[in-house]
Amino acid sequence: MGVINNTPDSFSGDGLRGDVHEAVRRGLQMFADGADIVDVGGESTRPGAEPVPVEEESRRVIPIIEELSEARPGRVSVDTRRPGVAEAALFAGASMVNDVSGLRDDRMIEVVAEHEAAVVIMHMKGEPRTMQVRPRYRDVIRDISEALEDRIAAAEGLGVNPRKILVDPGIGFGKTLEHNLEILARLREFRALGKPVVIGVSRKSFIGKLTGDPPEKRLGGSLAAALVAMQHGADIVRVHDVPETVRAIRVADAVLGKGWRTERR
Ligand code: HH2
């Protein structure tokens, strides 16, 4: 899953600040480089970020989603916590909602169900403004699994297709370095939820904490983390650097023979 952020403030430095043409060009290039899905976002959810008004978030993502989903039907996802933005994106051709707030809002579940869309339920503790203030868990894997299980049940109860639900433990969303490392080490345990596992490690701050690198120099750490995640059972990795990740996965797969799919389409 390739990431397109049409934002002025994304943590990774990839934000496009309103250039729809460039966003569409990058998205199409990601598909050409081997991405299966392109995830389009208009609100940074980095630690400390302030929420963006719904109209502004829609204005940022909808034109990009329209063009990308016309070119690649069924392969465009919207990265949003807002039911209104998700609904507009699904009308514009998106077929997946990536909700970093993990379907906290029942209206979001209704929107996904009404449109028969796929949904990524990501775990976030608290909200972006405050989530990194001393996050605590009894058992990080068990607590996240229980929270995801609760939202899976809510989604299925309100009519979301069980086969279109994916889960993501939410690396960096209310987690310390130790939590993030434990999630990656024990990622396979989330497979017990019976849903495909998505993971986003790309350029994240836990990599910077380990290597001392700023976001734009975290490619090496991101590739290592993506491969570890895949070997530990991730089905989809959400990344900023598609061609590099595709190459890394291809080489790892030649050795491991897992059948990981990276062919160009
Ligand atoms: N991480 C980010 C955003 N959305 N979605 C899922 N499912 N998993 C993730 O780990 C995840 C996500 C944060 O990355 P990015 O979009 O690059 O940054 P920002 O929120 O600052 O725009």
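Our subject is the structure that appears above.
Reading the values: rules and limits
- Residues numbered from 1 in each chain as written.
- Predicted model: local features only at pLDDT ≥ 70, side-chain atom pairs only at ≥ 80, totals over all residues.
- Heavy atoms only, no water.
- Axes fitted to C-alpha atoms, helices over the stretch in contact; angles between N-to-C directions.
- Helix = DSSP H or I, 4+ residues; strand = E, 2+ residues; numbered from the N terminus.
- Parallel < 35°, antiparallel > 145°, perpendicular 65-115°, else oblique.
- Contact = heavy atoms within 4.5 Å.
- Nonpolar A, V, L, I, M, F, W, Y, C, P; charged D, E, K, R; others polar.
- 1 Å grid on protein atoms, 1.4 Å probe; cavity = no way out; pocket = protein on both sides within 12 Å on 5 of 7 lines; lining within 4 Å.
- Points joined across faces, edges and corners; volume = space filled by probe spheres on them.
- Buried < 20%, exposed > 50% of the residue type's maximum accessible area, 1.4 Å probe, protein only.
- Lys, Arg positive; Asp, Glu negative; His and termini not counted.
- Salt bridge = Lys/Arg side-chain N within 4 Å of Asp/Glu carboxyl O.
- Pairing = 2+ DSSP bridges.
- Right-handed = clockwise from strand over helix to strand, strands pointing away.
- Arc of directions from axis to C-beta.
- Phe/Tyr/Trp six-rings, centres within 6.5 Å; stacked < 30°, edge-to-face > 60°.
- Lys NZ or Arg CZ within 6 Å of the ring centre and 35° of its normal.
- Core = buried A, V, L, I, M, F, W, Y, C linked by side-chain atoms within 4.5 Å.
- Near = heavy atom within 4 Å.
- Polar contact = N/O pair within 3.5 Å; in protein donor to acceptor, adjacent residues only side chain to side chain.
- Areas by Shrake-Rupley, 256 points an atom, 1.4 Å probe, with all protein chains shown as cover.
- Sits in = over half its atoms within 2 Å of the grid points.

Draft legend 1. Focus on the packing of helix 5 (residues 140-157) against helix 6 (residues 177-185). Axis separation between helix 5 and helix 6 bottoms out at 10 Å; the angle between their running directions is 75°. One finds that helix 5 runs roughly perpendicular with respect to helix 6. Contact with helix 5, carried on its side by V140, I141 and I144, involves H179, E182 and I183 of helix 6 and no other residues of that element. A class-by-class count of the residues in the contact of helix 5 with helix 6 yields four nonpolar, one polar and one charged.

Draft legend 2. Region of the structure containing the layout of surface pockets. Within this model, the largest pocket holds a volume of roughly 780 Å³. D36, I37, D235, I236 and R261 are, among the 36 residues lining the largest pocket, the residues nearest its centre. Elements that contribute at least two residues to the lining of the largest pocket include exactly strand 3 (76-79), strand 6 (165-168), helix 8 (219-231), strand 8 (236-237) and helix 9 (242-256). For the lining of the largest pocket, the element with the highest residue contribution is helix 9, accounting for four residues. For the lining of the largest pocket, a count of residues per class yields 18 nonpolar, nine polar and nine charged. Size it by volume and the second largest pocket reaches roughly 470 Å³. Together, 32 residues line the second largest pocket, and F11, T45, R46, F173 and K204 are the ones closest to its centre. Tallied by class, residues from the lining of the second largest pocket come to nine nonpolar, 14 polar and nine charged.

Draft legend 3. The arrangement of the side chain of D168 in detail. Position of D168 among the secondary structure elements: in strand 6. For the buried D168, no salt bridge exists, and the shortest N-O distance to an oppositely charged side chain is 6.5 Å, to K204. What D168 contacts, discounting residues up to four positions off in sequence, is V120, I121, M122, H123, L148, V198, I199 and G200.

Draft legend 4. Molecular detail of the pairing of strand 3. Both faces of strand 3 are covered, namely the face carrying V76 and V78 and the face carrying S77 and D79. Examined bridge by bridge, strand 2 (residues 38-41) and strand 3 share four bridges and lie parallel to one another. Within the sheet, the bridge partner assigned to G41 lies in strand 3 and is D79. Of the crossover connections in this fold, the one passing from strand 2 over helix 2 (residues 54-71) to the parallel strand 3 is right-handed. Read from strand 3 through helix 3 (residues 83-91) to strand 4 (residues 96-99), the crossover connection turns out right-handed.

Draft legend 5. Just helix 3, in detail. Within helix 3, the full set of buried residues consists of P83, V85, A86, A89 and L90. Considered in projection along helix 3, the buried side chains sweep an arc of 160° and stay on one side of the axis. Those residues of helix 3 that are buried are in contact with helix 2, strand 3, strand 4 and helix 4 (106-114).

Draft legend 6. Local environment of the packing of aromatic side chains. A complete count under the given rule lists zero aromatic pairs for this structure. Seen from the ring of Y137, K125 lies directly overhead, with NZ or CZ sitting 4.8 Å from the centre.

Draft legend 7. Focus on the nonpolar core. Of all hydrophobic cores here, the largest spans 67 residues; its most connected members are V40, I65, F190 and I199. Leaving out residues up to four positions away in the same chain, V40 has contacts with I4, V61, I64, I65, L68, V76, S77, V78 and D79. Formed by eight residues, the second largest nonpolar core is a distinct cluster that contains M1, A118, V198 and I236.

Draft legend 8. How the structure looks around the sheet that holds strand 1 (residues 2-5). Taking strand neighbours across the sheet as the criterion, the six strands line up as 1-2-3-4-5-6 in an open arrangement whose pairing is parallel. Sheet topology places strand 1 and strand 6 at the edges, where each strand pairs with a single neighbour. The average angle at which neighbouring strand axes cross in this sheet is 20°, direction not considered.

Draft legend 9. Seen up close, the site of the ligand. In the region of the ligand, 17 residues are neighbours, and S10, S44, D168, K204 and H240 sit closest. N5 is positioned such that a nitrogen or oxygen atom in its side chain is 3.2 Å from an oxygen atom of the ligand. K204 is positioned such that a nitrogen or oxygen atom in its side chain is 2.6 Å from an oxygen atom of the ligand. Isolated, the ligand exposes 480 Å² of accessible area, and the fraction of that covered by the protein chains is 99%. The pocket occupied by the ligand, as judged from atoms lying within 2 Å of grid points, is the second largest pocket.

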